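Residue strings, one per chain:
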Amino acid sequence: MGILSIEDLSINFGGLVAVDHVSFEVKRGEILSIIGPNGSGKTTIFNLISGIYKPTTGKILFKDKLINGMKPHTVAFMGIARTFQNVRPFKQMTVLENVLVGHHPKVKSLFIDDLFHTSKQRKEEVMIREQAIKLLDLFHLKQYIDEKAENLPYGDQRRLEIVRALASEPEIMLLDEPAAGMNPQETEDLIRLIGQIKDLGITIVLVEHDMKVVMDISQRIIVLDYGKKIAEGVPEEIRKNERVIEAYLGKD
Ligand SMILES: Nc1ncnc2c1ncn2[C@@H]1O[C@H](COP(=O)(O)OP(=O)(O)OP(=O)(O)O)[C@@H](O)[C@H]1O
Ligand SMILES: [Mg+2]
């Protein structure tokens, strides 16, 4: 049994079947990539897992617990973090503030603590701040700590988005096209960052168009086409899979 099991998952938007009876498992500690042409349903699968959409059919099990239909903040609280395609950090906030925002799913101070700003709450704030600084240090963003996020180079902004998601201390991370728009150097830095996250023991599901990134770091790959899973395997198998080649060549 994997950390995350997707069973017979579908969603329709009007007449369009965006995800069509898809099943797969994510094993604890692995990097699993989901690839496929534009519009094949990759982001929609992330939206289903993270509770933004409700499936038309199927089940989503996280550590054997059924999570379909749960609210996004509940899913985040349970330990599933995600980043969004094309989303950048809060640009007017500092780098540190951006990471502090990411902590929220796990902060459990009571209303009464808020009201009186108790010493318990103050201690918690100090701890969260220290943790955020540690994370920024670990991922080489500490030099920017008080800088407004908008002043960072593009690649660092995208990496900050990932660090922010990490601040919620997830067990699994869903990364939606983290390499989009990055130059080769930024892509290299990203590959290193994802490797570091894996070394922390966090499971990663990656949606990515950059085949260098996908082939370099994935243990396994799943391929979607028109909402259907058309292949699954290790990078070498996927690279030479006829149906996969056809799906890509037929469209791009
Ligand atoms: N909320 C929605 N309402 C209607 N159609 C939607 C909705 N969300 C997604 N779709 C459609 O579902 C299909 C799958 O979209 P999705 O965003 O999952 O593709 P994708 O594989 O992530 O593509 P890309 O590589 O371009 O990001 C597309 O045809 C899209 O237009
Ligand atoms: Mg997408």
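Predicted model only: the values in this text are computed from it and were never measured.

Visitor: Please set out helix α3 (residues 95-102) residue by residue, giving values where relevant.
Guide: Along α3, the residues that are buried comprise V95, N98, V99 and G102. Seen from one end, α3 has its buried residues packed into an arc of 95°, which puts them on one side. Residues of α3 that are buried make contact with α5 (119-138) and α6 (154-166).

Visitor: If you had to explain the packing of α6 against helix α7 (residues 184-199) to someone new, which residues and values would you point to?
Guide: Packing of α6 against α7 brings their axes to within 10 Å, and their N-to-C directions diverge by 10°. One finds that α6 runs roughly parallel with respect to α7. Note on packing geometry: the crossing formed by α6 with α7 is right-handed. Seen from α6, the contacting residues are G155, R159, I162 and L166; seen from α7, they are E186, D189, L190, L193 and I197. Considering only residue class, the contact of α6 with α7 consists of five nonpolar, one polar and three charged.

Visitor: Which residues make up the site of ligand 1, and what are the values?
Guide: Taken together, F13, L16, A18, G36, N38, G39, S40, G41, K42, T43, T44 and Q85 make up the full set of residues adjacent to ligand 1. Elements that contribute at least two residues to the shell around ligand 1 include exactly β2 (16-26) and α1 (42-49). Here the shell around ligand 1 gets three residues from one element, more than from any other, and that element is α1. Each residue belonging to the shell around ligand 1 can be placed in one class, and the counts come to three nonpolar, eight polar and one charged.

Visitor: Any chance you could break down the sheet that holds strand β1 (residues 4-13) for me, citing the residues and the numbers?
Guide: Spatially, four strands are ordered β2-β1-β4-β5 in an open sheet, and the strand pairing comes out antiparallel. Each edge of the open sheet is held by one strand with a lone partner, namely β2 and β5 (65-66). Inspection of the sheet shows β1 paired to strand β4 (residues 57-62) by five bridges, in the antiparallel sense. Within the sheet, the bridge partner assigned to E7 lies in β4 and is K59. On top of the sheet, α1 reaches β1, β2 and β4; it is set at about 70° to β2, its chief contact.

Rules used throughout
- Residues numbered from 1 in each chain as written.
- Chains lettered and ligands numbered in written order.
- Predicted model: local features only at pLDDT ≥ 70, side-chain atom pairs only at ≥ 80, totals over all residues.
- Buried ≥ 20, exposed ≤ 12 C-beta atoms within 10 Å, placed from the backbone.
- Helix = DSSP H or I, 4+ residues; strand = E, 2+ residues; numbered from the N terminus.
- Arc of directions from axis to C-beta.
- Contact = placed C-beta atoms within 7 Å.
- Axes fitted to C-alpha atoms, helices over the stretch in contact; angles between N-to-C directions.
- Parallel < 35°, antiparallel > 145°, perpendicular 65-115°, else oblique.
- Left-handed = near helix turned anticlockwise from the far one by under 90°.
- Nonpolar A, V, L, I, M, F, W, Y, C, P; charged D, E, K, R; others polar.
- Near = placed C-beta within 6 Å.
- Pairing = 2+ DSSP bridges.

Treat this as a map of the structure, not an account of what it does.
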